[in-house]
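Coordinate inspection notes
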Amino acid sequence: PYAILKPVYLYDKEETEQKKMEVETITKKCLSGIAEDADDYEKILYVFEYLVNTVDYDMTVDNNQYIYSALVDKRSVCAGYSRATQYLLERLGVFCTYVTGTAQAEQGNGSHAWNLVLCDGDYYYVDTTWGDPVFRGKEEEGNEDNICYDYMCCNDEELFKTHVPN
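Predicted model, so just to flag it, every value in this text is computed and none were measured.

Procedures and definitions
- Residues numbered from 1 in each chain as written.
- Predicted model: local features only at pLDDT ≥ 70, side-chain atom pairs only at ≥ 80, totals over all residues.
- Heavy atoms only, no water.
- Salt bridge = Lys/Arg side-chain N within 4 Å of Asp/Glu carboxyl O.
- Helix = DSSP H or I, 4+ residues; strand = E, 2+ residues; numbered from the N terminus.
- Buried < 20%, exposed > 50% of the residue type's maximum accessible area, 1.4 Å probe, protein only.
- Axes fitted to C-alpha atoms, helices over the stretch in contact; angles between N-to-C directions.
- Parallel < 35°, antiparallel > 145°, perpendicular 65-115°, else oblique.
- Left-handed = near helix turned anticlockwise from the far one by under 90°.
- Contact = heavy atoms within 4.5 Å.
- Nonpolar A, V, L, I, M, F, W, Y, C, P; charged D, E, K, R; others polar.
- Patch = residues over 30% accessible without salt bridge, like charges linked within 9 Å, V, L, I, M, F, W, Y side chains within 5 Å.
- Areas by Shrake-Rupley, 256 points an atom, 1.4 Å probe, with all protein chains shown as cover.
- Lys, Arg positive; Asp, Glu negative; His and termini not counted.
- Charge placed at Lys NZ, Arg CZ, Asp CG, Glu CD.
- Phe/Tyr/Trp six-rings, centres within 6.5 Å; stacked < 30°, edge-to-face > 60°.
- Lys NZ or Arg CZ within 6 Å of the ring centre and 35° of its normal.
- Polar contact = N/O pair within 3.5 Å; in protein donor to acceptor, adjacent residues only side chain to side chain.

Side note on the pattern of salt bridges
With the rule as written, the count across this model stands at four salt bridges. Residues Asp58 and Arg75 are paired through a salt bridge, measuring 3.1 Å at the closest nitrogen-oxygen approach. Residue Asp58 is located in the loop between strand S1 (56–57) and helix H3 (67–71), and its partner Arg75 is located in strand S2 (residues 75–76); the two are separated by 17 residues in the primary sequence. With relative accessibility at 16%, the residue Asp58 sits in the buried group. Judged by relative accessible area, which is 36%, Arg75 ranks as partly exposed. Where Glu158 meets Lys161, a salt bridge forms, and the shortest distance between an N and an O atom there is 2.9 Å. Glu158 gets classed as partly exposed once you look at its relative accessible area, which sits at 36%.

Laid out in structure tokens, this is it:
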């Protein structure tokens, strides 16, 4: 037995280039806000807070599995948050990988995505989605202080209480 793959593209070449330019413009603007001498932890925290403060959790947005929805549309789901986290951290020179699995949330158990980062020589998990008060249903108008940092550079013991990687 064998499989035949026939890729189907969502956008033509011109649309793809336009979307790449939009992502690059926003990325440059975002990354211009961090000090050049920032250490790994400061970079991870900066990206975490940037995404939590600029992206709203929204399952209805088009193409919500991609960085475009997070960076340009400012609305996404866990895949978009995690892919944007990886993209921005890699641009800052921080090792970051995309992790999939399941998680136990207030909304129930289900498929989820988060990141594994290398911070000052040790590996930690970052779940940007779970840092967002919109995802947790706890955002209050004009209050950005309700970010949840519980899943910002947490270890295996903490993460595995609620997350199970594939």
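What to know about the packing of helix H2 (residues 40–54) against helix H4 (residues 78–91)
Relative to each other, H2 and H4 sit at 140°, their axes nearing to 10 Å. With respect to their mutual orientation, H2 and H4 come out oblique. Both H2 and H4 take part in a crossing whose hand is right-handed. Judged by residue contacts, Lys43, Ile44, Val47, Tyr50 and Leu51 of H2 engage Tyr81, Ala84, Thr85, Leu88 and Leu89 from H4. Its residues assigned to classes, the contact of H2 with H4 shows eight nonpolar, one polar and one charged.

Some points on a negative patch on the surface
Side chains of Glu36, Asp37, Asp39, Glu42, Asp120 and Asp122 sit close together on the surface and give a patch of like negative charge. Here Asp37 lies in the loop between helix H1 (13–31) and H2.

Topic: the packing of aromatic side chains
Under the criterion given, the structure shown has five aromatic pairs. One cation-aromatic arrangement involves Lys19 over Tyr11; the distance from NZ or CZ to the ring centre is 4.6 Å. Sitting over the ring of Tyr68, Lys19 keeps its end group 4.2 Å from the ring centre.

A closer look at the side chain of Lys43
Within the secondary structure, Lys43 is located in helix H2. In this structure Lys43 is buried but unpaired, with Asp40 as the nearest side chain of opposite charge at 4.8 Å. At a separation of 3.0 Å, a polar atom in the side chain of Lys43 contacts the main-chain carbonyl oxygen of Leu92. What Lys43 contacts, discounting residues up to four positions off in sequence, is Ile34, Ala38, Leu89, Leu92 and Val94.

Details of the environment of Cys119
Positionally, Cys119 belongs in strand S4 (residues 108–119). With relative accessibility at 6%, the residue Cys119 sits in the buried group. Discounting chain neighbours no more than four positions away, the residues touching Cys119 are Asp40, Tyr41, Ile44 and Tyr124.

Observations concerning the environment of Glu42
Locating Glu42 in the fold gives a position in helix H2. On a C-alpha basis, the gap between Glu42 and Cys119 in space is 9.5 Å, while along the polypeptide they are 77 residues apart. Sequence-distant contacts of Glu42, that is, excluding residues within four places in its chain, are made with Ile34 and Asp37.

Purely geometric numbers; function is a separate question.
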